Structure formats: structure tokens, C-alpha cells
Amino acid sequence: MTNDLYTAVVTSTEGAARSDDGALALDVHEPESLKGSGQGTNPEQLMAAALGSCLLESLRIAATSAGGSSEGASVESRVTLSSADEGPGYTARYALTVTLPDAGTDASAVLQQALAICPFTKTIEASALDVQLA
């Protein structure tokens, strides 16, 4: 049986995304390269921020449990949008570059544990996700 821990609520309308608690209020438009206005942020940047932030928190948990530290850690996230091979729409690829300077003895093992913890990376098909240690 699962135990719900937290639910984020964000309402997206044309050109905006707002959280129910007021902590998030963003102008959201497609980038100019996709024929959007380029004003504010875009969905791809939001996805990159969510992935990187989630993995960074998971790295903190994993490094601490391995006797290391997540101090100085960072995650560079790239979301690449491509036209779909078949049919309308798009596909996305995700590339995460992880810097983990004080993970302990095995940064790769800490990263693997963090990937097992992070709910966002677990929902992405392995073929669309590339994770590397810097």
C-alpha cells in the first residue's frame, strides 16, 4: 500500500503556470525556435529543472547513506525536443550530467542509488535518458 507524501498542484493556462500555494508563478511560452514568443520560460526548461532538482535531492539522500556528502554536487539537465518519427507531435530525449565531488569512495554507485530513488528519472524510458558522471 502506498502512502502519499505530497501533491504539487499547478494550473497551466495560456502563457502561464501557477501553483496553488503561490510559490510558483511563471510566464510560459514556446521558444522562438518552435515559433513561440520566447517570452518567459518554456516547458522544456521546466522539465529540465524538475529532473535536475529531483536527481540532486536523490543524490543527497544516496550520498549521505553511503557515508559521503552531496556538497558541491550539481546536475546539468538537457531536454531535447525532436519531431516524432511517426505521426504528429514530438519526442524528447533527456541528458543529465552529474558532478559529485564528495560522494565517498564510489560516485558511480551513489549515482545508481540516486537514480533508483528519483521518481522522475524512473518514469522516463531508459532509451530516452542518458546520465553521465562529469
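Cut-offs used in this document
- Residues numbered from 1 in each chain as written.
- Predicted model: local features only at pLDDT ≥ 70, side-chain atom pairs only at ≥ 80, totals over all residues.
- Heavy atoms only, no water.
- Core = buried A, V, L, I, M, F, W, Y, C linked by side-chain atoms within 4.5 Å.
- Buried < 20%, exposed > 50% of the residue type's maximum accessible area, 1.4 Å probe, protein only.
- Helix = DSSP H or I, 4+ residues; strand = E, 2+ residues; numbered from the N terminus.
- Contact = heavy atoms within 4.5 Å.
- Axes fitted to C-alpha atoms, helices over the stretch in contact; angles between N-to-C directions.
- Parallel < 35°, antiparallel > 145°, perpendicular 65-115°, else oblique.
- Left-handed = near helix turned anticlockwise from the far one by under 90°.
- Nonpolar A, V, L, I, M, F, W, Y, C, P; charged D, E, K, R; others polar.

Before going further, it helps to spend a moment on the nonpolar core. Counting residues in hydrophobic clusters, the biggest one holds 21 residues, and the most contacted among them are Leu-55, Leu-59, Val-98, Leu-100 and Val-110. Those elements that place two or more of their residues in this core are helix H1 (43–65), strand S5 (90–99) and helix H2 (107–117). The element contributing the most residues to this core is H1, with six residues. Setting aside residues no more than four positions away along its own chain, Leu-59 makes contact with Ser-70, Val-75, Val-98, Leu-100, Val-110, Leu-111 and Ala-114.

Axis separation between H1 and H2 bottoms out at 8 Å; the angle between their running directions is 125°. Looking at the two axes, H1 sits oblique to H2. Seen from above, H1 lies across H2 with right-handed handedness. Here Leu-55, Ser-58, Leu-59, Ile-61, Ala-62, Ala-63 and Ser-65 of H1 lie close against H2, whose contacting residues are Val-110, Leu-111, Gln-113, Ala-114, Leu-115 and Ile-117. Class assignment for the residues of the contact of H1 with H2 results in ten nonpolar, three polar and no charged.

Examined against the element boundaries, Cys-54 turns out to sit in helix H1. For Cys-54, a relative accessible area of 14% gives the class buried. Expressed as a C-alpha distance, the spacing of Cys-54 and Leu-115, which sit 61 residues apart in the sequence, is 9.7 Å.

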